[in-house]
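Inside the fold
Chain by chain, the residues run as shown.
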Amino acid sequence: MQLNGMDNLMAQGGLLLDDPDSTTTSGRLDVVYARALNTGVFQRDELFGGFSRMRALTYSASIPMVMGLLRDYEYESFECIFGHGGIIGAEPERLLRFQRVIDERLNEGFVSIAGVDPDRQKILFDRVADGSARFHVVKDVIAHAKIYLLDDGERHRVIVGSANLSETAFSGRQAETLVVYDDDPMAWEHFENQYQAVLATATTEIPLRDRPVAADLLPIEETPILRQVRDGGDTTMYVPAPTDQETKYGTPSVLVDIEKIPSVEKAALSDFQRDRKGSSSHITITPTRVRQVSRMPVARPEEEENGRFPSLSFSHGEFIHMDNRLDLRTDPADVRKDAALLTEFFNNYRGDFVGDVKRQQTDYFTFMSWFYFSPFLCELRNRTLRQGNFNFNQPMFAILYGQSNCGKSSLVDTLMISMFRYGKKSFVPNNAFTPGRVRGLRQEFRRHPMVFDDVSANRFRQYSEEVVKDGEVSHGAEYPCITLLMNRDNKRFKEEIVKRSLMIYTRTSLPGNNPEANERLQASVARIQDDLSTSFFREYLRRMSERLEAQTGSGTSDMDVLKLSSSLLCNLFAENAPVGQTVPEWCAPMTLGNYQSRAYERSERILRGLLSRDRYRRDSHPSVGQWTVSGDNLLIGVDARSLREMRDEVPNWIMDDAASVSDQIVLDRRLTEDFIGESISRRRLSLFGFLTR
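Residues numbered from 1 in each chain as written. Predicted model: local features only at pLDDT ≥ 70, side-chain atom pairs only at ≥ 80, totals over all residues. Heavy atoms only, no water.

**Quick look at the nonpolar core**
The nonpolar side chains of soluble globular proteins are, as a tendency, buried together. Among the nonpolar cores identified, the biggest contains 114 residues, and Phe-367, Met-368, Tyr-372, Phe-373, Phe-452, Phe-536 and Tyr-540 are the most heavily contacted of them. With 13 residues, the top contributor of residues to this core is helix α15 (residues 357-386). With near-sequence residues (within four places) excluded, Tyr-540 lies in contact with Ser-369, Tyr-372, Phe-373, Phe-376, Ser-565, Leu-568, Leu-569 and Leu-572. Phe-48, Phe-51, Leu-69 and Leu-70 belong to the second-largest nonpolar core, a separate cluster that totals 20 residues. (Core = buried A, V, L, I, M, F, W, Y, C linked by side-chain atoms within 4.5 Å. Buried < 20%, exposed > 50% of the residue type's maximum accessible area, 1.4 Å probe, protein only. Helix = DSSP H or I, 4+ residues; strand = E, 2+ residues; numbered from the N terminus. Contact = heavy atoms within 4.5 Å.)

**Notes on the pairing of strand β15 (residues 501-506)**
Successive residues of a regular strand alternate their side chains across the two faces of the sheet. Counting buried positions along β15 gives six out of six residues, so the element sits mostly inside the fold. Residues Ser-501, Met-503 and Tyr-505 point to one face of β15 and Leu-502, Ile-504 and Thr-506 to the other, with burial holding for every one of them. Sheet topology note: the strand β12 (residues 397-402)/β15 ladder contains six bridges and is parallel. The residue bridging Leu-400 from the neighbouring strand is Ile-504, located in β15. (Pairing = 2+ DSSP bridges.)

**Some words on the sheet that holds strand β7 (residues 178-182)**
Hydrogen bonds between backbone atoms are what pair the strands of a sheet, whose relative direction is either parallel or antiparallel. Judged by pairing direction, the sheet is mixed, and its six strands sit side by side in the order β4-β3-β2-β5-β6-β7 without closing on themselves. Looking at which strands have only one partner, the edges of the open sheet turn out to be β4 (133-137) and β7. Between one strand axis and the next, the sheet turns through 10 degrees on average, direction left out of account. Looking at chain direction, strand β5 (residues 146-151) and strand β6 (residues 156-161) are connected through six bridges and run antiparallel. Within the sheet, the bridge partner assigned to Ile-147 lies in β6 and is Val-160. Where helix α6 (residues 185-200) meets the sheet, its contacts fall on β2 (53-58), β3 (77-82), β4, β5, β6 and β7, and the angle it forms with β2 comes to roughly 65 degrees. (Axes fitted to C-alpha atoms, helices over the stretch in contact; angles between N-to-C directions.)

**Here's the deal with the confidence of the model for the protein chain**
Across the protein chain, the average pLDDT comes to 76, with 68% of residues at 70 or higher. Mean pLDDT per element in the protein chain: helix α1 (residues 7-12) is the minimum at 33, and helix α13 (residues 332-347) is the maximum at 96. The low-confidence segment residues 86-90 (pLDDT under 50) makes 13 contacts with residues lying over four places distant or belonging to another chain. (pLDDT = per-residue confidence, 0-100.)

**What to know about the packing of α13 against α15**
At a minimum axis distance of 10 Å, the contact between α13 and α15 shows a crossing angle of 140 degrees. Between α13 and α15, the angle falls in the class oblique. Of the residues in α15, those in contact with Leu-342, Phe-346 and Asn-347 of α13 are Gln-361, Tyr-364, Phe-365, Met-368 and Tyr-372. (Parallel < 35°, antiparallel > 145°, perpendicular 65-115°, else oblique.)

**Notes on helix α21 (residues 535-550)**
Because each turn of an α-helix spans 3.6 residues, side chains separated by three or four positions in sequence point in the same direction. Given a rise of 1.5 Å per residue, 16 residues ought to cover 22 Å, and the 23 Å separating the end C-alpha atoms of α21 matches this to within 8%. Every buried residue of α21 is accounted for by Ser-535, Phe-536, Phe-537, Arg-538, Glu-539, Tyr-540, Leu-541, Met-544 and Leu-548. Buried positions along α21 lie against β10 (318-321), α13, α15, α16 (408-420) and α22 (561-575). (Expected span 1.5 Å × (residues − 1).)

**Quick word on the packing of aromatic side chains**
Scanning the model with the defined rule gives 30 aromatic pairs in all. On the numbers, 5.2 Å between centres and 65 degrees between planes, the contact of Phe-433 with Phe-452 is edge-to-face. Taken together, the residues span a long stretch of sequence, with Phe-433 in the loop between α16 and α17 (435-445) and Phe-452 in strand β13 (residues 450-452) at a distance of 19 residues. Phe-433 sits in the buried class, given a relative accessible area of 0%. Aromatic pair Phe-537 and Tyr-540: ring centres 6.3 Å apart, planes at 15 degrees, arrangement stacked. With a gap of three residues between them, Phe-537 and Tyr-540 both fall in helix α21, about one helical turn apart. Taking relative accessible area as the criterion, Phe-537 reaches 0% and is therefore assigned buried. Over the face of the ring belonging to Phe-51 we find Arg-155, whose NZ or CZ atom lies 4.2 Å from the ring centre. (Phe/Tyr/Trp six-rings, centres within 6.5 Å; stacked < 30°, edge-to-face > 60°. Lys NZ or Arg CZ within 6 Å of the ring centre and 35° of its normal.)

**Overview of the sheet that holds β10**
Spatially, the three strands line up as an open sheet ordered β9-β10-β11, and their pairing is antiparallel. What marks the edges here is a single partner per strand, and that holds for β9 (312-315) and β11 (324-325). Strand direction decides the pairing type here: β10 and β11, joined by two bridges, are antiparallel. Among the inter-strand pairings, Ile-320 is bridged to a residue of β11, identified as Arg-325.

**Quick look at α6**
In a regular helix each residue adds 1.5 Å, so 16 residues correspond to 22 Å; α6 covers 22 Å between its end C-alpha atoms and thus fits that length. Within α6, burial applies to Ala-187, Trp-188, Phe-191, Glu-192, Tyr-195, Val-198 and Leu-199. Viewed along the axis of α6, the buried residues span an arc of 120 degrees, placing them on a single side of the element. The exposed set on the far side of α6, more than 90 degrees from its buried face, consists of Pro-185, Met-186, Glu-189 and Ala-200. Packed against the buried residues of α6 are β2, β3, β4, β5, β6 and β7. (Arc of directions from axis to C-beta.)

**Some words on the side chain of Thr-534**
For Thr-534, the position within the fold is in the loop between α20 (515-531) and α21. Judged by its relative accessible area of 12%, Thr-534 falls in the buried class. Here Thr-534 is in contact with Asp-338, Ile-417, Ser-418, Met-419, Phe-420 and Arg-421, once residues within four sequence places are set aside.

**Quick look at the state of the cysteines**
What we call a disulfide is simply a covalent bond connecting the sulfur atoms of a pair of cysteines. Applying the stated criterion to the full structure yields zero disulfides. Here Cys-481 stays free of any disulfide, with the sulfur of Cys-378 as its closest cysteine sulfur at 7.4 Å. Looking at the unpaired Cys-570, the closest cysteine sulfur is the one in Cys-587, lying at 3.7 Å. (Disulfide = S-S within 2.5 Å.)

**Some points on the pattern of salt bridges**
Considering all chains together, one arrives at 26 salt bridges under this definition. A salt bridge links Arg-527 to Glu-344; the shortest N-O distance between them is 2.2 Å. Of this pair, Arg-527 sits in helix α20 while Glu-344 sits in helix α13, and the two are 183 residues apart along the sequence. Judged by relative accessible area, Glu-344 falls into the partly exposed class, the value being 28%. With a closest N to O distance of 2.9 Å, Arg-359 and Asp-363 form a salt bridge. Separated by four residues within a single helix, Arg-359 and Asp-363 lie in helix α15, roughly one turn from each other. (Salt bridge = Lys/Arg side-chain N within 4 Å of Asp/Glu carboxyl O.)

If you want it as structure tokens, here you go:
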């Protein structure tokens, strides 16, 4: 059998699925008959303390408390098996994924264990190394039971029940059951045999690493069961075939149905959220909220199917769009037609828009290069993370901002239609722009670009930094790029956002006092969108896939995605241009370096104005609006309001934030000179007579 292309690994040892002779498929179910002697309140020290050995069969939720037990109690021997109750599904890839997640979480637990100094942490690591603390993960059994065995040679304690080893389970906030058997030979023998049966079919021990490796980035061959096959030969993995009743009523099926929350239901319940500032897990449901929910319509199945969020994935060498294979074969005539329509769309800006139209066309083509490439960016990002070379050259976010009539929504709408034959109806509602909801939507969209239109300044200010920074980490094998459209003037964004995003600002607009021009443009855009097919984009996907495939194995951290994508687009437009015509001026390759140099143009203009020679003074403490040179620094006089604005406008690597106080800003002279491309020396100033002032 082949698992994810692991042919070489499988050649070294067999991996049998659902082995009918597996020791875990016994048809016998044992029943323990017991009598209750007493009840009491859970006390961790009384229950788990005072023993020299502990063995546990539990779930992954127990990892933090397992770390706490190792920290607080001097067990001479500690052993833990992490099982699952069958809810992960009946596919082998799910069990392999489960094992990799356990590997990640266990190593995270050791690295981040609370209340442990470095010396104590080293002792815990050494205990795993010498075998006195061991961790296993199941491969050949569905382990519903939670069993905890403690002994010290004389005393024997069995703890069984529904509770995992977790603070939540033992807090009393969940309805859990615990049963304790103290020095009961029959109970000890029965549950120890049950524990040993699971241990006998569990995978070999999970190793500890210097630092945790995310499950998505852990090489598949390092999955515990596959590593065991590689190092020791054949083994089995128990994946039971579900019955018809289990298929319909089992937990995996029920979970899938639960996750299919209709869009109108999500909107109706959008206010049912925990208090972000509080620690309570309770949500207060008021009559007002119930009345609000009752006003929401109920979605019919056909409406919900049409209203679901789009998705794009890549599997077995093919793109899958909304559960359908995306055919990358194209008709050259259709590609030429789409190229002509897209060219007409970009050329429309030359008609009635006012401002720097050439710049707008170039910037919008830069965005198109990024937007078309976006289905590949998660793959490049993951590859770069695996190589340990994370940088900001592969932006997962784009922010288009400017006046409301600058054509940004129309641009993204048209590009989306050229890619998937739908436009704004795939945009995400603005109330979903929160860190938690974006994380959930990533799983639905996969590689499909996610667009939020008309994001308010307040929502952006409240959530953008956390959402954008969250894009630094891998969110699985597939996750989308995100585009934000905003009506906002050209104020400086926070540096943390700028360096992680493709920032596109347009100064052009369609005059509001020219309704004829507006109607003419809308009619043209509507016709273009109606006539567009997806042929141009599918041809782009095919060629880009081939180019990236040719670069597999080479370094990707320094790959210029804008140059790669814009060059391919330029080739496509040139190949499909009418005979005798050249591509428009806006259709030119763009590099990340060229783009990044333009991303700080506003800051550069502001600094040039502030540091103009007529504002220079020799005063050691310049007045508001004036500046001077002080050693290796530049001092600019400001008032309190200007100081707040300048902190946003000036790049943070230039400003000495600690030295900048209420009435002046301190800049590094050399870095400022490099930034504005102009020398600011005393000698140069003296040539113009400014030092005499």
